[in-house]
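Structural overview for review
Listed below are the residues making up each chain.
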Amino acid sequence: PGANALNPTINTGTLKNGPVWTASGKIGGALSFDGIDDYVLSSPLINPTTNPQTSAVTGDVTIAAWFKANSFTNGRVFDLARANKLLGINVVVNSNRNLQLDGDGGPNGGITSPTVLDTGWHHVAVTRTGTTYKLYLDGVLQGSSAGGTATSYTLLFVGLRSTVGKPFNGSV
């Protein structure tokens, strides 16, 4: 899934409320989020694979990130949001120390990893192929679910839920 990558020179983000760049990331550095109000908000996403370029990500999608949680308080690692900042595909580090894929426009019922997280670095990937969503943690499939009716995503939030709240405490 996700045969085309979005161009990072077209799709940029704005740091909100002070996430801090740190050299101690998994690969070349990371942004550190305080778990209070830090986040990154993308500019409206541009899909360079369409002609003309459209301001939405559509079709099959893969989104991935390295993350390291400092605490487990239902913080959002990222939220690929629909128009008007509506929830889309969001990844949560929940209070039970599991990774969870959730959100309207995402899988019906969500997916929760059986794997218990620690405070080390982990890789998360989410794929959507048609209406099937899959959650991977450290390269291992954690579960899949059908559902979700969102046809496009327009914004990416890192470290916070698109409808505000659920801040992430850790690094991405």
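The structure contained in this document is the topic of the report that follows.

Looking now at unusual backbone geometry. Even without being glycine, Arg97 reaches a positive phi, approximately 70 degrees. Arg97 gets classed as partly exposed once you look at its relative accessible area, which sits at 32%.

Across the sheet, which stays open at both edges, the 7 strands sit in the order β2-β3-β16-β6-β11-β12-β13 with antiparallel pairing between neighbours. Of all strands in the sheet, those with a lone pairing partner are β2 (20–22) and β13 (140–146), marking the two edges. Averaged over all pairs of adjacent strands, the angle between their axes in this sheet comes to 30 degrees, without regard to strand direction. Strand direction decides the pairing type here: strand β11 (residues 121–129) and strand β12 (residues 132–137), joined by 6 bridges, are antiparallel. Residue Thr127 lies in a different strand from β12, and its bridge partner there is Lys134.

This part takes up the nonpolar core. Counting 29 residues, the largest nonpolar core has Phe67, Val93 and Leu99 as the members making the most contacts within it. For this core, the element with the most residues is strand β6 (residues 61–69), which contributes 5 residues. Leu41, Ala81, Leu155 and Leu160 belong to the second largest nonpolar core, which has 6 residues in total.

Assignment of secondary structure puts Asp118 in the loop between β10 (111–112) and β11. Put simply, Asp118 and Ala69 are 49 residues apart on the chain and 7.6 Å apart in space, counted from C-alpha to C-alpha. In contact with Asp118, not counting residues within four places along its chain, are Phe72 and Arg97. A distance of 2.9 Å separates the side chain of Asp118 from the backbone nitrogen of Gly120, its partner in a polar contact. Separated by 2.7 Å, the side chains of Asp118 and His122 make a polar contact.

Scanning the model with the defined rule gives 1 aromatic pair in all. Both rings, one in Tyr39 and one in Phe157, keep their centres 6.2 Å apart while their planes meet at 20 degrees; by these two values the pair is stacked. Residue Tyr39 is located in strand β4 (residues 39–42), and its partner Phe157 is located in strand β15 (residues 155–158); the two are separated by 118 residues in the primary sequence. Pair check on accessibility: Tyr39 and Phe157 agree, each one buried. Above the plane of the ring of Trp66 lies Lys26, whose end atom (NZ or CZ) is 5.0 Å from the centre.

Scoring rules and cut-offs
Residues numbered from 1 in each chain as written. Predicted model: local features only at pLDDT ≥ 70, side-chain atom pairs only at ≥ 80, totals over all residues. Heavy atoms only, no water. Buried < 20%, exposed > 50% of the residue type's maximum accessible area, 1.4 Å probe, protein only. Pairing = 2+ DSSP bridges. Helix = DSSP H or I, 4+ residues; strand = E, 2+ residues; numbered from the N terminus. Axes fitted to C-alpha atoms, helices over the stretch in contact; angles between N-to-C directions. Core = buried A, V, L, I, M, F, W, Y, C linked by side-chain atoms within 4.5 Å. Contact = heavy atoms within 4.5 Å. Polar contact = N/O pair within 3.5 Å; in protein donor to acceptor, adjacent residues only side chain to side chain. Phe/Tyr/Trp six-rings, centres within 6.5 Å; stacked < 30°, edge-to-face > 60°. Lys NZ or Arg CZ within 6 Å of the ring centre and 35° of its normal.

Just geometry here; none of it tells us what the structure is for.
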